[in-house]
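Residue-level structure breakdown
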Amino acid sequence: MIRRMLLCLCCVLLTESASAVTHVQEVSPGVWLIEDHTLPIVTVKVTFENSGAAYDPEGKKGLASFVSDMLDEGAGDMDSLAFHSALESSAIRFGADAQEDIFTVSVQTLSEYKDRAWGLLNLALSKPRFDADAVERIRSGIESELRQVEEDPGYLASLNWKRLAFPGHPYASPRRGTLASIAAMKAEDLREYVKTHFSCSTKIVAVVGDVTAQEVKQWLSASPANVSAACNQITPAVADIAVADGGAVPVFVGVNVPQTVVAASLPGVMRNDPRYYAVVVLNHILGGGSLTARLGKEIRDKRGLAYYAESELTALDHTGYISVQFATRAAQAHEAVTVFKAELGKISTDGVTKEELMDAKSYLTGSFPLQIDTQGALADYLLSMQHYHLGPDYLEKRNSLIEAVTLEQVNDMAKTLLSHPPLIVMAGQSEEIKK
């Protein structure tokens, strides 16, 4: 208990320490380190590229996510109880997550247990057990989760939006799978995933905290090799795809709840596109989480049509898009959609103002330290920097890239992207659509 309390205290204090220490060391190819000896805590994250939900085999959607839930359910000679006891006794936080393109596993602990944490991480990756009782327990939990979201308007809006945005593409599939695909999953499928991805995928590592480069090198020398001679090749490859434009009217999904959730999208750009930072600024002005953003002011503040109205720029390995979501009462949903479409037309035609540009750049640069104010967030950034080949000096130059964006560039992207008819999905009670 004392160890857990100390770990929680360290996590709170990281706000003061992690953002101040940003010197990136390349310990070895694919392994980056930021040393921070302010606090006795270490975070390690390992990402396997080309290993996310988009690479789930046909008929086995949800496989990568299923594996992520199973990695702390026993490894080597330890069953689930023994593995969890080992984590608990050394105050180790263990996590795994399958995104669209990547699979990430992490450990965080006090520095006195860092060797133990690294060992358990490697054991989970190299010798996961997938015992029958654990598989069935996790399967039951996933199935329960999928049943619970069957009446969730936010989930249904997002699920149907993906299907329409990426027709016939792996990105259209639900990351957690379906009740049918999860029910059909076998332990052998989980083992095949490990053989294919943990043995054959490109692996990148981020380490942050109270550890030296020499210690990390010792960890690496004692770890299993990344590529096995017996590994299975990753198939099929995932193709690039542009997010689909919308039709004349929104797509409606009926669900018997008082709230209507609207999920919409517009084209974006890929992460390596030189116009990326102009779109970052544009998205912030449109609805990027700030109370001063256009959608928040027009839909929420001026008219009271939504509880929130936000946009987000997403850059995956094979697509880029701007997503928009807002929630409102069913009776106001159509009016909110009308205001949303009108605001897109206004920005694409008239552009944004110089004041909006300056405010957005000020916010995006000033808030950047808050994005890396914990070891976990900093480790995520190190992984992203490696994944997108941004260079170890990206943390130092990122704000200058935002500052360099011009009003002309933002307005050019507004005309290019926001003039597309948005793909809009509404999940709620009323099926009547007003143009």
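Presented here is a report on the structure given in the accompanying data block. (Residues numbered from 1 in each chain as written. Predicted model: local features only at pLDDT ≥ 70, side-chain atom pairs only at ≥ 80, totals over all residues. Heavy atoms only, no water.)

1. Digging into the pattern of salt bridges
Let me state the cut-off plainly: One speaks of a salt bridge when a side-chain nitrogen belonging to Lys or Arg is within 4 Å of a carboxyl oxygen belonging to Asp or Glu. The helix and strand labels rest on DSSP assignments: H or I over at least four residues marks a helix, E over at least two residues marks a strand, and numbering proceeds from the N terminus. A 1.4 Å probe rolled over the protein chains alone gives each residue an accessible area, and that area as a share of the maximum for its type sets the label: buried under 20%, exposed over 50%, partly exposed in between.
Scanning all chains against the criterion turns up 17 salt bridges. The shortest N-O distance in the salt bridge between R176 and D69 comes to 3.0 Å. Of this pair, R176 sits in the loop between α6 (153–165) and α7 (179–184) while D69 sits in helix α2 (residues 63–70), and the two are 107 residues apart along the sequence. Among the salt bridges present, the one from R300 reaches D301, with a minimum N-O distance of 2.9 Å. Of the residues examined, R300 reaches a relative accessible area of 37% and is grouped as partly exposed.

2. Points about unusual backbone geometry
In this structure, F130 is a non-glycine residue whose phi angle is positive, near 55 degrees. Taking relative accessible area as the criterion, F130 reaches 3% and is therefore assigned buried. Of note, H389 is a non-glycine position whose phi angle comes to about 55 degrees, a positive value. With respect to the secondary-structure elements, H389 resides in the loop between α15 (375–387) and α16 (394–403). For H389, a relative accessible area of 72% puts it in the exposed group.

3. Some remarks on the sheet that holds strand β7 (residues 102–110)
How we decide: Whether two strands pair comes down to DSSP finding at least two bridges between them. Whenever a helix is involved, its axis is fitted only over the stretch in contact; in every case the axis is a line through C-alpha atoms, and angles between N-to-C directions fall within 0 to 180 degrees.
Here we have six strands laid out as an open sheet, ordered β1-β2-β8-β3-β7-β6, and mixed in their pairing. Here the strands that pair on one side only, and so sit at the sheet edges, are β1 (25–28) and β6 (93–98). On average, adjacent strands in this sheet sit at an angle of 20 degrees to one another, irrespective of strand direction. Pairing geometry for β1 and strand β2 (residues 31–35), over three bridges, is antiparallel. When the bridges of β2 are listed, Q25 appears paired with L33.

4. Considerations on the pairing of strand β11 (residues 308–315)
Inspection of the sheet shows β11 paired to strand β12 (residues 320–329) by eight bridges, in the antiparallel sense. Looking at the pairing, E310 lines up with Q325 of β12. Counting the residues that bridge the hairpin from β11 to β12 gives four residues.

5. Regarding the nonpolar core
Inclusion rule: Only buried residues count toward a nonpolar core, which is a set of Ala, Val, Leu, Ile, Met, Phe, Trp, Tyr and Cys residues joined through side-chain atoms within 4.5 Å.
One finds V281, I299, F326, F340, M385, L395 and L418 to be the most contacted residues of the largest nonpolar core, which totals 61 residues. Broken down by element, this core gets its largest block of residues, nine residues, from helix α10 (residues 276–287).

6. Considering the sheet that holds strand β9 (residues 251–254)
Heads up, the condition is: When checking whether two residues touch, look at their non-hydrogen atoms; a contact exists if any pair is within 4.5 Å.
Strand order in the open sheet made by the five strands is β9-β13-β10-β12-β11, with mixed pairing throughout. If you trace the sheet from one side to the other, it starts and ends with β9 and β11, each paired once. Going from strand to strand, the sheet's axes swing by 15 degrees on average, the running direction of each strand aside. With five bridges joining them, strand β10 (residues 259–267) and strand β13 (residues 423–428) adopt antiparallel strand pairing. Across the sheet, A263 pairs through a bridge with V425, a residue of β13. This element, helix α11 (residues 294–301), spans β11 and β12 of the sheet and lies at about 155 degrees to β11.

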